[in-house]
There are 2 protein chains.
Amino acid sequence: MARVVVDVMLKPEILDPQGKAVEGALGRLGLQGVSSVRQGKTFTLELDGDLDEALLAQVHELAGSLLSNPVIEDYVIRETSA
Amino acid sequence: MARVVVDVMLKPEILDPQGKAVEGALGRLGLQGVSSVRQGKTFTLELDGDLDEALLAQVHELAGSLLSNPVIEDYVIRETSA
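Residues numbered from 1 in each chain as written. Chains lettered and ligands numbered in written order. Predicted model: local features only at pLDDT ≥ 70, side-chain atom pairs only at ≥ 80, totals over all residues. Heavy atoms only, no water.

1. A look at the pairing of strand 1 (residues 2–10) of chain B
Residue and element names in this part refer to chain B.
- Buried residues dominate strand 1, accounting for 8 of its 9 residues.
- The pairing of strand 1 with strand 2 (residues 34–47) spans 8 bridges and is antiparallel. Of the residues in strand 2, the one forming a bridge with Met9 is Gly40.
- Relative to strand 3 (residues 73–80), strand 1 runs antiparallel, the two being bridged by 8 bridges. Across the sheet, Val6 pairs through a bridge with Ile77, a residue of strand 3. (Buried < 20%, exposed > 50% of the residue type's maximum accessible area, 1.4 Å probe, protein only. Helix = DSSP H or I, 4+ residues; strand = E, 2+ residues; numbered from the N terminus. Pairing = 2+ DSSP bridges.)

Set out below in structure tokens:
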């Protein structure tokens, strides 16, 4: 049993309105010193069996096509202990 | 400059329709062996200065009130190198 986490974030050059909204709210709620907030999506995939090269390649392919929009988003794959 | 990541996920007992939709799509796209997919939100906060105890306590307070809904969501705070 392997657990893979795919974090999908907007590319740095893309404006993040949700992040800006949270940024403003954090300031109003008294958390000073927040220079920026970026919001993204995170997917936790539970896979049967071990994460071998072939399966990791498939996860990369799907992360770059289904789970994220490569035009405006970047993704990072983290393997966590299941 | 400290960078803090707050991962917000639905509690395990809460049905995750978006995760189920992705799960179905992954199967149709040929990734076999995916037993479950959970979708959540991730917030990357850039903080001025170092992350001391007081600031970390504030981030916890905000993560549990503004960034997540404690009734249906759990959050995890990860400190990453800025």
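Here the narrative resumes, following the displayed structure.
2. Details of the relation of the copies chain A and chain B
- Rotating chain A by 180° about the axis while translating it 0.0 Å along that axis superimposes it on chain B, leaving an RMSD of 0.0 Å. What the superposition gives is, in effect, a two-fold axis relating one chain to the other. Judged by C-alpha distance, Lys41(A) is the residue of chain A that lies nearest the rotation axis, at 2.3 Å.
- Looking at the interface residues of chain A, 100% of them are also at the interface in chain B, so both copies use one shared face. (Least-squares fit on C-alpha atoms with pLDDT ≥ 70 in both. Contact = heavy atoms within 4.5 Å.)

3. A short note on the packing of helix 2 (residues 53–67) of chain A against helix 1 (residues 17–28) of chain B
- In the contact formed by helix 2 of chain A and helix 1 of chain B, the axes pass within 12 Å of each other and the chain directions differ by 120°. Looking at the two axes, helix 2 of chain A sits oblique to helix 1 of chain B. Relative to helix 1 of chain B, helix 2 of chain A is oriented so that their crossing is right-handed. Listed contacts from helix 1 of chain B to Leu62(A), Leu66(A) and Leu67(A) of helix 2 of chain A are Val22(B), Ala25(B) and Leu26(B).
- Among the residues making up the contact of helix 2 of chain A with helix 1 of chain B, the classes are represented as 6 nonpolar, no polar and no charged. (Axes fitted to C-alpha atoms, helices over the stretch in contact; angles between N-to-C directions. Parallel < 35°, antiparallel > 145°, perpendicular 65-115°, else oblique. Left-handed = near helix turned anticlockwise from the far one by under 90°. Nonpolar A, V, L, I, M, F, W, Y, C, P; charged D, E, K, R; others polar.)

4. Some words on the interface of chain A and chain B
- Of the residues lining the interface, 33 residues belong to chain A; the matching set on chain B comes to 33 residues.
- Of the roughly 2,700 Å² buried between chain A and chain B, counting both surfaces, carbon and sulfur atoms make up 63%.
- It is Leu31(A), Thr42(A) and Leu62(A) that lose the most area in chain A upon contact with chain B, and together they represent 19% of the buried surface on that side.
- In this structure, the salt-bridge partner of Asp7(A) is Arg78(B), at a minimum N-O distance of 3.6 Å. (Buried area = accessible area lost by both parts, 1.4 Å probe. Salt bridge = Lys/Arg side-chain N within 4 Å of Asp/Glu carboxyl O.)

5. A short note on the confidence of the model for chain A
- Taken as a whole, chain A shows an average pLDDT of 90; of its residues, 98% reach a score of 70 or greater.
- The weakest mean pLDDT in chain A belongs to helix 1 (residues 17–28) of chain A at 89; the strongest belongs to strand 1 (residues 2–10) of chain A at 94. (pLDDT = per-residue confidence, 0-100.)

6. Brief notes about the side chain of Gln39(B)
- Looking at the secondary structure, you find Gln39(B) in strand 2.
- Among residues more than four places away in sequence, those in contact with Gln39(B) are Lys41(A), Thr42(A), Phe43(A), Met9(B), Asp16(B), Gln18(B), Gly19(B) and Val22(B).

7. Here we look at a negative patch on the surface
- A surface patch of like charges, here negative, comprises Asp50(A), Asp52(A), Glu53(A) and Glu79(A).
- Taking the relative accessible area as the measure of exposure, Asp52(A) reaches 43% and is therefore partly exposed. (Patch = residues over 30% accessible without salt bridge, like charges linked within 9 Å, V, L, I, M, F, W, Y side chains within 5 Å. Areas by Shrake-Rupley, 256 points an atom, 1.4 Å probe, with all protein chains shown as cover. Lys, Arg positive; Asp, Glu negative; His and termini not counted. Charge placed at Lys NZ, Arg CZ, Asp CG, Glu CD.)

8. Points about the sheet that holds strand 3 (residues 73–80) of chain A
- With antiparallel pairing, the 6 strands of this open sheet are ordered in space as 3(A)-1(A)-2(A)-2(B)-1(B)-3(B). Each edge of the open sheet carries a strand with a single partner, namely strand 3 of chain A together with strand 3 of chain B. For this sheet the average axis-to-axis angle between neighbouring strands, irrespective of direction, equals 25°.
- Where strand 2 (residues 34–47) of chain A lies against strand 2 of chain B, 13 bridges are found, and the strand directions are antiparallel. Its bridge partner lying in strand 2 of chain B, Thr44(A) is registered against Arg38(B).

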